[in-house]
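Residues per chain, in single letters:
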Amino acid sequence: MAASMNVDVQISDEDWLVSRARTCMKSDPFAAKSWMITARTLFPKNFTIQFEAYNLEKIGKNVKEAAKLLEEMFVSFPSEVRLWSEIQTILEVIQCDTTETRNVFLTEIFAAISTHTQCQMLLNVAEKINDTLDQCRMLLLAMRKFSNLVNEHGLKLLETLHRAEREAKFSTPVNCYRKLFVCDVLPLVLQKCKTVELATKQYYKWLNMAIEFYVIYITQSPNQSTASIGIPQSSDLLSPTKRIKKVYIARLNDKESLVQDPWGNLLKLLIHVGSRIGWDEEGDLFTQSRPKVKKAKTDGTPQIIASNCVTDSQKITQSFLMAFKCYELLNSTPDLQREFLGLCESWKMETWSWMGHYQTDMLMYQGAFQDAVEHLQNFSSTTPGSMQIRNSIQMACCYFCLGKLAKACEMVLNVIKDLPDGQPRSEADIEPVAEGTGRHLVLTKCTDSQILPYSIELLLSCFKERALSSKQDDDALGHMIVLLQYDWPKQGAVFLEATKKIQTQGSFTYNLFFNYVVSILLLKM
């Protein structure tokens, strides 16, 4: 026989009031609010009741009431774990900058809180975070929202990020701590900390860290993650002028990993650092409108002629000339050269294929054609097919300038042999003519439609040297006449020179004349 026993369950007044409010919430929100107001009035120091009231306001999508309750709890219950968990959730949502409905609502709650309390929340949450990166993120958020905090926390945050990077022992400057340091915190410090005096050496150190980050960020392969690798091993790295698709940085999301306009950011840092240490700023270096390219001087400096197919040719030309001047400056003294070579070694510059191409362009611009040939020969075997055409054309140009015409023709003919059947060029493709005399460089695209006419132009130049010389060379003269038919009558003046040469000679023998000279317009002249 079982004995029955009655058990009285004691429910506190606080719990009963909360339970009533919850019960009424779905059917009668106003009744629920009345019960909760009663509970809060009777038990103002009870955190559970205050937090439940806050939750009910959230359920009702009442931004102002929820923000008011959250702010009151922040002041009255600073040690409650649930409160700090809620605040941290809101701040994480703000950092994510998401468009989800729930997250947008939490963002609106934070925006409705007084600015003073917002600032204190951010700082207090940052203090409670154990992870260094997350703590730095929170402090960065606080400084972005409240610029007056930069003077107090900016330098400390830079030191924290730098120390964390050293302790992590990353093998590449492109890491989560350096990214926050260079792209996010340092610009704030340089802009806002106007009254802080620092040693010039410190600014140099910061600038060097920024250069390291941006150079590796821009030139590393976009397909490789920096989560577990050091400097990328691929030799096929991006040129600085190409758009970066994606660079993955360990522990950072896609938005944090993306750096818009890295070269522009680096120049802005250079301006800020320069203003701090008294550098004279040259306007042309920092403005987007650099002056028009000047015509070649008589000191041997070549004129750069841009093809019509090259967009932004003015900007590209100016960028090349600036890079050339900088390269000259960095190699102008033994001390500068030694420091520059040290940087090149630390940046693994030998893995940048585009740097090799730039060095070729630079040697040709300087007129160091033999050095350019040797430079091209050093890495011709490892150059991919598309760039091999460029290398061959540049080598042919160098041989031409060195007077090795047979070798130049050999290189050009090899290029033409590998080109597919060409198509007629449009008016937009017609190349500009170099003004005046003297050496000039052509800036054009390495495409079939541009390479073929340039190759023929180069062959013509080679044959002209021999065909129109004082010696009689009917084969060279005949080959030249054949080539003159391409893009006729562009070279009509040269054909007239050829006919005068034939008249002067008194005779002309070219067995292939009727096989290859087929232009009616040329024959009618």
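A quick note: this is a predicted structure, and the numbers were derived from the prediction, not measured.

### Regarding the overall build of the chain
Then, in step 1: The secondary structure content of the chain amounts to 25 helices and two strands.
Then, in step 2: Across the 525 residues of the chain, 41% fall into the buried class.
Then, in step 3: Across the chain, the fraction of contacts at a sequence separation of at least 24, relative to all contacts at a separation of at least 6, is 65%.
Then, in step 4: Of the roughly 30,600 Å² that the chain leaves accessible, carbon and sulfur atoms contribute 53%.

### Examining the pattern of salt bridges
Pairs can form between side chains of opposite charge once their charged atoms are near each other.
Then, in step 1: Evaluation of the coordinates by the stated rule reveals 15 salt bridges.
Then, in step 2: Where Glu-57 meets Lys-33, a salt bridge forms, and the shortest distance between an N and an O atom there is 3.8 Å. Pair noted here: Glu-57 is in helix α3 (residues 47-59) and Lys-33 is in helix α2 (residues 29-42), with a separation of 24 residues, a long-range link.
Then, in step 3: Ionic contacts of the salt-bridge type, sharing partners, join the residues Asp-134, Arg-137 and Glu-256 into one network.

### Examining helix α21 (residues 448-467)
Then, in step 1: Here α21 contains 20 residues, and its C-alpha end-to-end distance of 28 Å stays within 8% of the 28 Å for a straight helix at 1.5 Å per residue.
Then, in step 2: Within the sequence span of α21, burial applies to Gln-450, Ile-451, Pro-453, Ser-455, Ile-456, Leu-458, Leu-459, Leu-460, Cys-462, Phe-463 and Ala-467.

### Considerations on the side chain of Lys-58
Then, in step 1: Here Lys-58 is to be found in helix α3.
Then, in step 2: In this view, Lys-58 contacts Ala-66, Glu-86, Phe-105, Leu-106 and Ile-109; residues no more than four positions away in its chain are not counted.

### Looking at the packing of aromatic side chains
Then, in step 1: Counting across every chain of the model gives 18 aromatic pairs.
Then, in step 2: Their ring planes at 80 degrees and their centres at 5.5 Å tell us that Phe-513 and Phe-514 sit as a pair that is edge-to-face.
Then, in step 3: Residue Phe-514 is classed as exposed on the basis of its relative accessible area, which comes to 76%.
Then, in step 4: Put simply, the rings of Phe-320, Phe-324, Tyr-327, Phe-340, Tyr-358 and Tyr-365 pair up and form one aromatic cluster.
Then, in step 5: Residue placement shows Lys-128 over the ring face of Trp-84; its charged tip is 4.8 Å from the ring centre.

### Topic: the packing of helix α8 (residues 132-145) against helix α10 (residues 176-192)
Then, in step 1: Their axes nearest at 11 Å, the elements α8 and α10 cross at an angle of 15 degrees. Considering their axes alone, α8 and α10 lie roughly parallel with respect to each other. The crossing of α8 and α10 is left-handed. Of the residues in α10, those touching α8 at Thr-132, Leu-133, Arg-137, Leu-140, Met-143 and Arg-144 are Cys-176, Tyr-177, Leu-180, Asp-184, Val-185 and Leu-188.
Then, in step 2: Partitioning the contact of α8 with α10 into residue classes produces eight nonpolar, one polar and three charged.

### Describing α10
Note on helix geometry: an α-helix contains 3.6 residues per turn, so any two residues three or four positions apart are oriented the same way.
Then, in step 1: Compared with the 24 Å implied by 1.5 Å per residue over 17 residues, the 23 Å span of α10 between its first and last C-alpha is a close match.
Then, in step 2: Along α10, the sharpest change in direction is near 45 degrees and occurs at Val-185; proline Pro-187 comes one to four residues later.
Then, in step 3: Of all 17 residues in α10, 15 are buried, a share of seventy percent or more.
Then, in step 4: Between the side-chain oxygen of the N-cap and the backbone nitrogen of Tyr-177 there are 3.1 Å, and the N-cap of α10 in question is Asn-175.

### So, the nonpolar core
Then, in step 1: Tyr-54, Leu-70, Ile-87, Tyr-214 and Met-480 are the most contacted members of the largest nonpolar core, which totals 143 residues.
Then, in step 2: Apart from the residues lying within four places of it in its own chain, the contact partners of Tyr-54 are Ala-66, Leu-69, Leu-70, Met-73, Glu-86, Ile-90 and Ile-109.

### A look at the side chain of Glu-57
Then, in step 1: Residue classification places Glu-57 among the buried residues on the basis of a relative accessible area of 10%.
Then, in step 2: With sequence-adjacent residues up to four places away left out, Glu-57 is seen in contact with Lys-33, Asn-62, Glu-65, Ala-66, Leu-69 and Phe-105.

### Digging into the state of the cysteines
Here a disulfide denotes one covalent bond, and it connects the sulfur atoms of two cysteines.
Then, in step 1: Throughout the structure, instances matching the rule amount to zero disulfides.
Then, in step 2: No disulfide involves Cys-409; its sulfur sits 3.8 Å from that of Cys-462, the nearest cysteine.
Then, in step 3: Of the residues examined, Cys-462 reaches a relative accessible area of 2% and is grouped as buried.

### A look at the packing of α2 against α3
What describes two packed helices is the angle between their axes and the distance between those same axes.
Then, in step 1: Put simply, α2 and α3 touch, their axes get as near as 9 Å, and they point 155 degrees apart. Judged by the angle between their axes, α2 and α3 are roughly antiparallel. Relative to α3, the crossing made by α2 is left-handed. Between α2 and α3, the residues in contact are Lys-33, Met-36, Ala-39 and Arg-40 and Ile-49, Gln-50, Glu-52, Ala-53, Leu-56 and Glu-57, respectively.
Then, in step 2: Among the residues making up the contact of α2 with α3, the classes are represented as five nonpolar, one polar and four charged.

### Some words on a positive patch on the surface
Then, in step 1: A cluster of basic residues, Arg-163, Arg-166, Lys-201 and Lys-205, forms a positive patch on the protein surface.
Then, in step 2: Turning to its location among the elements, Arg-166 is positioned in helix α9 (residues 150-168).

Reading guide: rules and limits
Residues numbered from 1 in each chain as written. Predicted model: local features only at pLDDT ≥ 70, side-chain atom pairs only at ≥ 80, totals over all residues. Heavy atoms only, no water. Helix = DSSP H or I, 4+ residues; strand = E, 2+ residues; numbered from the N terminus. Buried < 20%, exposed > 50% of the residue type's maximum accessible area, 1.4 Å probe, protein only. Contact = heavy atoms within 4.5 Å. Areas by Shrake-Rupley, 256 points an atom, 1.4 Å probe, with all protein chains shown as cover. Salt bridge = Lys/Arg side-chain N within 4 Å of Asp/Glu carboxyl O. Expected span 1.5 Å × (residues − 1). Phe/Tyr/Trp six-rings, centres within 6.5 Å; stacked < 30°, edge-to-face > 60°. Lys NZ or Arg CZ within 6 Å of the ring centre and 35° of its normal. Axes fitted to C-alpha atoms, helices over the stretch in contact; angles between N-to-C directions. Parallel < 35°, antiparallel > 145°, perpendicular 65-115°, else oblique. Left-handed = near helix turned anticlockwise from the far one by under 90°. Nonpolar A, V, L, I, M, F, W, Y, C, P; charged D, E, K, R; others polar. Bend = angle between axes of the 7 residues up to and from the residue. Polar contact = N/O pair within 3.5 Å; in protein donor to acceptor, adjacent residues only side chain to side chain. Core = buried A, V, L, I, M, F, W, Y, C linked by side-chain atoms within 4.5 Å. Disulfide = S-S within 2.5 Å. Patch = residues over 30% accessible without salt bridge, like charges linked within 9 Å, V, L, I, M, F, W, Y side chains within 5 Å. Lys, Arg positive; Asp, Glu negative; His and termini not counted. Charge placed at Lys NZ, Arg CZ, Asp CG, Glu CD.

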